[in-house]
Each structure stands twice: as C-alpha cells, then as structure tokens.
Amino acid sequence: MAKGIYVSATTPGSGKSLVALGLADTLHRHADRIGFFKPVVQGPNAADDPMVALMKSRFALDDERCRGGLTFDEVRALLAAGKRADIDARCVEIFAEISRHCDVVIVEGTDLTGHDAAVEFDLNARLANNLAAPVVAVVGAKGRTVSEAAAAVEVARKELVAEKCSLLAIMVNRADPEDVEAIAAAVKPGASGRPVYVFPELDEIARPTTGEVAAALSVRQIAGRADMERDVRDIKVAAMNVGNFLNVLDEGALVIVPGDRADVMVACLASSFSPEFPVPSGLILTGGLAPDANIYPLLAQAPFPVFATDDDTYTTARRVAEVRSEIWSGHRRKVASALGLWSRRVDEAELVERLHLPRAERMTPLRFLHDLIERARSQRRHVVLPEGTDVRVLRAAEILHRRDVCDLTLLGPETAVRELAASSGIDLTGINVVDPATSELRQQFAEKYAELRAHKGVDLAKALETMQDVSYFGTMMVQLGVVNGMVSGAAHTTAHTIRPALEFVKTREGVKIVSSVFLMLMADRVLVYGDCAVNPDPNVEQLADIAVASAETAVQFGVEPRVAMLSYSTGGSGSGEAVDEVRQATELVRQRRPDLAVEGPIQYDAAVDASIAASKMPGSTVAGQATVFIFPDLNTGNNTYKAVQQSSGAVAVGPVLQGLRKPVNDLSRGCTVEDIVNTVAITAIQAQG
C-alpha cells in the first residue's frame, strides 16, 4: 500500500488546503505517482468536490488517483446511527483503491467547521490511524497573539499524541505577517526536534475574487468582461453623490449600487478608463432594478464584470462581506501565490527527508515543468520582459512574481503598462517597470551601443534612437549586467528578438553560431531536439557546434547527453553528400568533446529503439538510448518535432536559444501565459551558469 500523509486541521479556518497543495507540489517532484484523497467532502456529491477538482487539474491526476469519499451528510447519518466503524471501513477501502496506483497519497481531513469540532477532530485522528498515515497538523493563527499561537501548537501536539497519531509535522498558518518570526521562535520543538513551519496570512490568497463572490451570491453577469479572477480588495456601497463617491473609490473595490443609479455606473466606467483613477474589480447592481436601456452599451465596454441581483443593497453587501476565499477555487493567481508562499517558508529538503519516499524513476512532463520553477527559484536571477504592453506577458509576470521565481523588469511606457494591468485586474506590485524612452539608462546604453557598433557607422544620435526599441534596450540590460536574461517574442518576430543579441552579446567562446533546442517532454523522459528553429541549412562545423551546445543544454536541464547525429543512413551503410556531412560533423564533435557519447550518422529509429539498435549498430553506447537528437537541417528538425508533438502527445518546450554569452530567449507569437512562465524559468536557469 502507498504511503499516506494525513493533513489535519486542529483549529477551524486553519487554511489547510494551502498545506495540502504545497505538499502535493513538493511530493510530485520526489515521487513517481502521487494521489489525493478527501475522505469527507462538504457538497452533496463526493465526485464534485472543488479541492479534488483542483488536484486533478493541477497535477494531471485521473479518477483512480484522486477521489472524494463520503459527504458530510452521509457521515452525520452514520454517526447518528452509531455506525462509526462503517465510516472507517469505507474510507480505508477507497484509500486502498487509490494506493494501488500511487507511491504516496495526500489525505486532506475535514475543516472543523461543523457543529461539533471535537467530533471532527476525533474523526480525523481515527481516520489517520486507520490509514496508517502520519499527520501533518495545521494550526490556524488568525486572530491569535504570539503566545496563543504557540499554545495552540502545544495543545495540538498533546491531543494528537493522546489519540496515538504519528505526528509528521506541525504547521502554523494564517499568522499576522508581523508575528511570523516571533511565533516561530516561541513554538517549542517537539520530540523529533524538527522545525515547525509558520505561514503568514497572505492578502492575495485571503481576498475573494469576483468569481468567488458571483458563485457565493448566485448573481448573474449582465455586462462587462467575464473576468472571474479579479481580486476584490474592498467593498464599496455607493450611497452618496458621484463626486464624493469617487473620492472614496479604491483600486480593486467591488462596487454595490442600486440598479437605477446610472450616475454611479458611468462614474465607475469613466474611472476605469482614466489612468489617474482606480479601476473597480466589479459592479453588483441590486434591487432587481434594470439599468436604463441607454446604459447597457456603456456597461458592455466595462473592463470588469457587471452583475445583477434581486437582493437589496444592504443584504448584498452583508453577503459579500461573508464570502471566504478558497485556494480550491482553482484560480491560477491564487495557486501561484500559495505555492510561492510555500516555497519561501518551507525547507523542502528537510521536509522530504522526513517522508522517506521511494526514489523517483520517471520524469513526467508535469514534474519537469515543476522542477523548472524550483530550479529557477534556487538561485534567484533577474529577467527582463520587453513586451510590457502585451497582457499575456503581464499575466505571466504576475504569476512568476507570486510564485517567487525570479526578479522581473517590464519594458514599455509606464502609464500604458500600469493602465493595461489595472484594467485587466493584474497586480504588478513588486515588479519593476521601465520606459526606455525616458529611462536614465538610455544615455549609458546608447554610448555603449555606439562604441560596439562604430565599425558599422553607428553614432550616438543613431544609438539613442535605437535604444528606444524595447528589444535593443532589453538586450543591452542583459549585456551590461543590469539583468541576467531576456525573454521576448510574444509580440515580435524571432529576428527582431535575437538581432540585438547577435549584434553585441555575441556567441560564447568556441561557439560560432546561435542555435536552438526544443525540450521534448515525453511520457516518462525528456529528449532534446536541435536545431529546429534557427539555422536552415547548417554546414559541417555548424552541425558540430549545434551538437556540442545541445549536449551542454541537456546537462543544464538534468538530461544525461547521449548525442545522435541524425541522417537517413546508419553507420557506414549509406553514402552521399548529406550523409558524409553528418559523418564529418560527428568526427568534429568527438575531437572537440572526447568525453561526450555521440553517434552518427544514425537513423532516428536506431537512435531510440534498443531492438533496432541491436541489429543496426550493436555495441553503441548511444544507439537505442539517445537523449539528444541533432537534425541535419531546419526542414527535417522542425517537421519532426511537430510530428512527434502531435502524434505522441509530447509537450514541446522552446525554442531554447543556445550559444549566446548571455541568455536571451524567443517566444512564439501564439504563446500562452504558461509558455511565457516556462520560458522565463528556463532563462533564469540558464543565467545561473
């Protein structure tokens, strides 16, 4: 049976879902197969529990590995009938079914929000013991002083020991940010001497979103942008004239107003379109009053959602104030904030050491992408994103900042960037915004550019003009060490992105060309394909360059390089100019890197299939087990990576540029927010050297 870890609240409102999510993120990178089980769910249907849904989507878990158990109503009925053993038996049965498909299962207990918290505590303790699962106890510190939080830890420890539970760890959550270190110092060490981790209350998690408010109140959207991830930072009831109301309107406030107050609606719209005024997170029109027909076309243009309800203004305001934010709502910004907080507060190596997990053997796509984030975070670097007026870039920047991956600078007119962020409900707090046209760095950058390009006739006036271009300005930031890397291309061509780097960043010593690889995330391993994006028809020396650079990139991302120099012929069986070029390039690689396992020319099937390799190239250390594939030209490489991607379901990450002295990476203009996040993480890792 798989190892179980039982996450149990010891106080109401502890926020244990953050701990369950953080544990899952950690364990996913240290075990081949994780599972999630919630023995008791709040809703009417165990299969529809939102935390179960979040875990399924976040960690690509199927129904066999991620399930709910009984509903609260079912549990109450069994308890009332004196059938507690039936609860235990059913939960053990489901846990055993999940265990057959997992190495470790995270079990999330109840919230202690029922009528009898003592009964729920006892239920969690019994289940943990029956599942033979050590307990991660979560103590809520919200509203508690330092001494009260420390005492709550001691009480939880004694009660769990009294229940004969195996205590794996205690974590204190939702502490006042100013008290976090004091609580950590005040908590007494347990018998194991292991640390008690303390998490502060985080506004980004605690604030409800427009979607959570809409769901809780069952309000209907009648206009505006369908943005359900906007943070509700405040609640404003519009009960005064427009002039006074605008004086008290705050950024991100949810405005509650009777449906016949056209003046307030128009004022909120006007405020959202002016850079000097705050942008509300949404509007709720109350009283079942329909706005004037002439107002609807204006409301349709709102950058925030507009809802309507039949309740009166007072009732609506009271109900909004009662809405609790939950991580399991699935909003990626909340999840990013939670995982960023987890990474800052938990010593992952120490925690994993307690668990004694089986060694992970498979590298799944999801694990690789999660590892990227952790590796980027391990040695903090600074990345510039020149396309600050692209909303995808802004959303990615916010997620990267919330996950605490790296430092970021956005380029673009500051007013335009911040206005776009505000109208899109994006929080750029903690992210630097620089306008190349007005930056004090522009003069310095222009002087350096004129010096570097003087042989091309570039004078200072021309250089000053060039440094207004975000790609040139961002690349010069990398060149002069203001930042460590650059990611661009969401709104610019590949040529526009890498031309500045080719002009003055230049290639590394011993490398003659810039090339690229795609990291191909297969079901159980990572392969490296090069070059599929930059060089149309590389010659012999360039092919060797690409092979060496690709092998170095493989090492950088944890792939042991075994290089296959691909051709339509294997070994000495074929001839022709194309085969001879690959054969010569292979010899050059061996001369330059005698330590590198390389084979060529070799066909793709012989490179990946051990049985074919045994007949075509017996005794080779590469054939049948290649990890780095060097294609003879761009036509072959580009088509192959896309064919593999589409036919096998592999995830293609890239292109990752290589060969430059400092990291600059290109995005596809069709990239998603997730693509940008991954590419920034890759760039930060490259900048670590």
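Values in this document were obtained by computation on a predicted structure and should not be read as measured data.

K.L.:
Could you give me a rundown of the layout of surface pockets, with the residues and numbers involved?
P.N.:
The probe, sized like a water molecule, is rolled over the atoms to show the empty space still left. Put simply, the largest pocket is a space of about 820 Å³. Along the walls of the largest pocket sit 40 residues, with R324, S325, E326, I327 and W328 positioned nearest its centre. Those elements that provide at least two residues to the lining of the largest pocket are α1 (16-28), β6 (167-175), α8 (203-206), β9 (234-237) and α13 (313-321). Considering every element that reaches the lining of the largest pocket, the biggest residue donor is α1, with 3 residues. When the residues that make up the lining of the largest pocket are grouped by side-chain class, the tally is 17 nonpolar, 10 polar and 13 charged. Residues from two domains meet in the lining of the largest pocket; each of domain 1 (3-202 + 330-355) and domain 2 (210-324) gives at least three.

K.L.:
Before we move on, can you summarise the domain arrangement of the protein with the specific residues and values?
P.N.:
How big an interface is tends to be stated in terms of accessible area lost as the parts join. According to the domain assignment, the protein consists of domain 1 (3-202 + 330-355), domain 2 (210-324), domain 3 (365-505) and domain 4 (515-659). The gap between the C-alpha centroids of domain 1 and domain 3 is 40 Å. Across the boundary between the two partners, domain 1 contributes 19 residues, which contact 15 residues of domain 3. Contact between domain 1 and domain 3 buries roughly 1,500 Å² in total, counting both sides, with carbon and sulfur atoms accounting for 48%. Considering only the side of domain 1, the residues that lose the most area to domain 3 are H28, R29 and R333, jointly responsible for 39% of the buried surface there. Between domain 1 and domain 3 we count 3 salt bridges in total. Between R333 and E398 there is a salt bridge, and its shortest N-O distance comes to 2.7 Å. Residue contributions to the side of domain 1 that touches domain 3 peak at 9 residues, all from helix α14 (residues 332-345).

K.L.:
Can you explain the UniProt feature "domain: DRTGG" (unreviewed entry) in the protein? Please cite residues and give values.
P.N.:
Taking the UniProt record as the reference, the feature "domain: DRTGG" (unreviewed entry) is found at residues 212-322. Note that residues 212-322 is 33% helix and 22% strand, and that its end C-alpha atoms are spaced 11 Å apart.

K.L.:
Can you break down helix α4 (residues 84-99) residue by residue, with the values?
P.N.:
The end-to-end C-alpha distance of α4 is 23 Å, a good match for the 22 Å that 16 residues give at a rise of 1.5 Å each. For α4, the complete set of buried residues consists of I87, D88, C91, I94, F95, I98 and S99. What you see down the axis of α4 is that its buried residues fit within an arc of 140°, all on one side.

K.L.:
Go over the pairing of β6, please, and point to the residues and values.
P.N.:
Of all 9 residues that make up β6, 7 are buried, and the element is covered over most of its length. Of the pairings in the sheet, the one linking strand β5 (residues 135-140) to β6 comprises 6 bridges and is parallel in character. The residue bridging V136 from the neighbouring strand is A169, located in β6. Handedness of the crossover is the feature at issue here: the chain leaves β5, passes through helix α6 (residues 146-162), returns alongside β6, and the resulting connection is right-handed. Where β6 meets strand β7 (residues 197-200), 3 bridges bridge the pair, whose relative direction is parallel. Each bridged residue has a counterpart across the sheet, and for V172 the counterpart in β7 is V198. Note on the crossover from β6 through helix α7 (residues 180-186) to β7: the handedness is right-handed.

K.L.:
Any details on the pairing of β9? Residues and values, ideally.
P.N.:
Bridge count for β9 against strand β10 (residues 253-258) is 4 bridges, and the pairing is parallel. Paired with V237 across the two strands is I256, which belongs to β10. Viewed along the sheet, the connection from β9 through helix α10 (residues 242-248) into β10 turns out right-handed.

K.L.:
An account of the packing of aromatic side chains is needed here, citing residue identities and associated values.
P.N.:
Inspection of every chain in the model, using the stated rule, returns 9 aromatic pairs. Ring centres of Y449 and Y472 lie 5.7 Å apart, and the angle between their planes is 75°; this geometry places the pair in the edge-to-face category. One end of the pair, Y449, is in helix α19 (residues 441-452); the other, Y472, is in helix α21 (residues 470-479), and 23 residues separate them in sequence. Per residue, the accessibility class of Y449 equals that of Y472, and both read buried. Between F518 and Y641, the aromatic rings sit 3.9 Å apart at their centres with planes inclined by 20°, giving stacked as the arrangement. Here Y641 lies in helix α27 (residues 634-648) and F518 lies in strand β17 (residues 515-521), a separation of 123 residues in the sequence. Among the aromatic residues, those joined into a ring-pair cluster are Y529, Y604, F629 and F631.

K.L.:
Talk me through the pattern of salt bridges; I want residue IDs and the actual numbers.
P.N.:
Proximity of charged atoms lets side chains of opposite charge pair with each other. Tallied over the entire structure, the rule returns 53 salt bridges. For R593, the salt bridge goes to D595, with nearest N and O atoms at 2.9 Å. R593 sits in the partly exposed class, given a relative accessible area of 22%. Residue class for D595 comes out exposed when judged on its relative accessible area of 58%. Between D605 and K616 there is a salt bridge, with the nearest N and O atoms lying 3.5 Å from each other. Here D605 is found in helix α25 (residues 604-608), whereas its partner K616 is found in helix α26 (residues 610-616), with 11 residues between them in sequence. Because the salt bridges share partners, they merge into one network encompassing D25, R29, E348, E374, R377 and R403.

K.L.:
Can you explain the packing of helix α3 (residues 72-80) against α4? Please cite residues and give values.
P.N.:
Interaxial distance between α3 and α4 falls to 7 Å at its minimum, and their mutual angle equals 140°. Viewed along their axes, α3 and α4 adopt a mutual orientation that is oblique. Contacts from V75, L78 and L79 in α3 reach R84, D86 and I87 in α4. Residues of the contact of α3 with α4, tallied by class, amount to 4 nonpolar, no polar and 2 charged.

K.L.:
Could you give me a rundown of the side chain of E374, with the residues and numbers involved?
P.N.:
As for its position among the elements, E374 is in helix α16 (residues 365-378). By relative accessible area, E374 is classed as buried at 18%. Among all residues touching E374, those that are not within four sequence positions of it are D25, R29, E348 and R403.

K.L.:
Describe helix α23 (residues 540-556), naming the residues involved and giving the relevant values.
P.N.:
Residues that lie three or four places apart on an α-helix share one face, since the helix turns once every 3.6 residues. With 17 residues, α23 should cover 24 Å at 1.5 Å per step; its first-to-last C-alpha distance of 25 Å lies within 8% of that length. Counting buried residues in α23 gives 13 out of 17 residues, a clear majority hidden from the surface. For α23, the N-terminal cap is N539; the gap from its side-chain oxygen to the backbone nitrogen of E541 is 3.2 Å. G558 lies just past α23 and shows a positive phi near 80°.

Procedures and definitions
- Residues numbered from 1 in each chain as written.
- Predicted model: local features only at pLDDT ≥ 70, side-chain atom pairs only at ≥ 80, totals over all residues.
- Heavy atoms only, no water.
- 1 Å grid on protein atoms, 1.4 Å probe; cavity = no way out; pocket = protein on both sides within 12 Å on 5 of 7 lines; lining within 4 Å.
- Points joined across faces, edges and corners; volume = space filled by probe spheres on them.
- Helix = DSSP H or I, 4+ residues; strand = E, 2+ residues; numbered from the N terminus.
- Nonpolar A, V, L, I, M, F, W, Y, C, P; charged D, E, K, R; others polar.
- Domains from an automatic or database assignment.
- Contact = heavy atoms within 4.5 Å.
- Buried area = accessible area lost by both parts, 1.4 Å probe.
- Salt bridge = Lys/Arg side-chain N within 4 Å of Asp/Glu carboxyl O.
- UniProt positions renumbered as here; feature names shortened; annotations may be inferred.
- Expected span 1.5 Å × (residues − 1).
- Buried < 20%, exposed > 50% of the residue type's maximum accessible area, 1.4 Å probe, protein only.
- Arc of directions from axis to C-beta.
- Pairing = 2+ DSSP bridges.
- Right-handed = clockwise from strand over helix to strand, strands pointing away.
- Phe/Tyr/Trp six-rings, centres within 6.5 Å; stacked < 30°, edge-to-face > 60°.
- Axes fitted to C-alpha atoms, helices over the stretch in contact; angles between N-to-C directions.
- Parallel < 35°, antiparallel > 145°, perpendicular 65-115°, else oblique.
- Polar contact = N/O pair within 3.5 Å; in protein donor to acceptor, adjacent residues only side chain to side chain.

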